[in-house]
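Fold and contact review
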Amino acid sequence: MAPRYYTVTWDQLHRDSKALAWRLLEKGPWRGIVAITRGGLIPAAIIARELDCRLIESVSIVTYDEEKRGDPLVAKPPVAAGDGEGWLIVDDLVDTGTTARVIRALVPKAHFATVYAKPAGKPLVDTFITEVSQDTWIMFPWDTEPQFIAPIAKTAAK
């Protein structure tokens, strides 16, 4: 079966990130935000603005090479966040939970929030906005460009 693709536009990502900020407002205040690079950078910036949070840290955990998943590698730890007490972790998506498990071990006391969540990773996240099926590949705006696509009826397996 061919993978399903769900395209997220810049406008939709902004709206969904802002909706996440509304949910996180009542759970704060936050000492700072840890953005998981690269996918969490833009949602983290939107959320930081909405929560008026100016202390931003990043963590780089490499798990993907294009669409191929590999073993997680911590390329840059979130040193400023310590054990995570009072900190908010932000990522675009929790998928299988591989990155989530690594970040949880690095900053165990932080609150973990993602814009999108798949069933396998959902239990590892404290707050999220939209759930998508496990077999859906989310196409984020930084990974795509507008182009023609054939109608589903013409491409679906019969």
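This structure is a prediction, so every number in the text was calculated from the model and none was measured.

Turning to the overall build of the protein, a few remarks are in order. A tally of helices and strands in the protein yields four helices and eight strands. Reading the protein from its N end, one meets helices and strands in the order β-α-β-α-β-β-β-α-β-β-β-α. Its C-alpha atoms give the protein a radius of gyration of 16 Å, within 12% of the compact-globule value 15 Å for 158 residues. For the protein, the C-alpha atoms occupy an extent of roughly 50 × 30 × 25 Å along the three principal directions. Of all 158 residues assigned to the protein, the portion counted as buried reaches 42%. Look at the contacts in the protein between residues 6 or more apart in sequence, and 60% of them connect residues 24 or more apart. For the protein, the exposed area adds up to about 9,400 Å²; of that, 56% sits on carbon and sulfur atoms. With 19 positive and 20 negative side-chain charges, the protein shows a spacing of 3 Å between the two charge centroids.

Restricting attention to buried positions, one finds in helix α3 (residues 98-106) the residues Thr99, Ala100, Val102 and Ile103. Each buried residue of α3 lies within a common arc of 165° when the element is viewed along its axis, so the set occupies one face.

Glancing now at the nonpolar core. Counting residues in hydrophobic clusters, the biggest one holds 23 residues, and the most contacted among them are Leu24, Ile33, Ile47, Leu88 and Tyr116. Elements supplying a minimum of two residues to this core: α1 (10-25), β2 (32-37), α2 (41-50), β5 (87-94) and β6 (111-117). Top element by residues in this core is α1. It accounts for four residues. Beyond its immediate stretch of four places on either side in the chain, Leu24 contacts Trp30, Ile47, Leu51, Leu88, His111, Ala113 and Thr127. Ranked by size, the runner-up nonpolar core spans 16 residues in total, among them Trp87, Val94, Val107 and Ala110.

Taken together, the side chains of Trp10, Leu41, Ile42 and Trp142 define a hydrophobic patch exposed on the protein surface, amounting to about 360 Å² of accessible area. Residue position: Trp10 is located in helix α1. A residue is classified by how much of its surface remains accessible, and Trp10, at 46% relative accessible area, is partly exposed.

This part is about the pattern of salt bridges. Two side chains with opposite charge may pair up if their charged atoms get near one another. Enumeration according to the criterion identifies seven salt bridges in this entry. Here Asp95 ties to Lys118 by a salt bridge, and the two come within 3.3 Å at their closest N and O atoms. Here Asp95 is found in the loop between β5 and α3, whereas its partner Lys118 is found in the loop between β6 and β7 (127-131), with 23 residues between them in sequence. With respect to burial, Asp95 and Lys118 carry one shared label: buried. A salt bridge links Arg104 to Asp126, with the nearest nitrogen and oxygen atoms 3.0 Å apart. You can see Arg104 sitting in helix α3 and its partner Asp126 sitting in the loop between β6 and β7, a full 22 residues away along the chain. Judged by relative accessible area, Asp126 falls into the partly exposed class, the value being 40%.

The rules behind each value
- Residues numbered from 1 in each chain as written.
- Predicted model: local features only at pLDDT ≥ 70, side-chain atom pairs only at ≥ 80, totals over all residues.
- Heavy atoms only, no water.
- Helix = DSSP H or I, 4+ residues; strand = E, 2+ residues; numbered from the N terminus.
- Rg over C-alpha atoms; globule rule 2.2 N^0.38 Å.
- Buried < 20%, exposed > 50% of the residue type's maximum accessible area, 1.4 Å probe, protein only.
- Contact = heavy atoms within 4.5 Å.
- Areas by Shrake-Rupley, 256 points an atom, 1.4 Å probe, with all protein chains shown as cover.
- Lys, Arg positive; Asp, Glu negative; His and termini not counted.
- Charge placed at Lys NZ, Arg CZ, Asp CG, Glu CD.
- Arc of directions from axis to C-beta.
- Core = buried A, V, L, I, M, F, W, Y, C linked by side-chain atoms within 4.5 Å.
- Patch = residues over 30% accessible without salt bridge, like charges linked within 9 Å, V, L, I, M, F, W, Y side chains within 5 Å.
- Salt bridge = Lys/Arg side-chain N within 4 Å of Asp/Glu carboxyl O.

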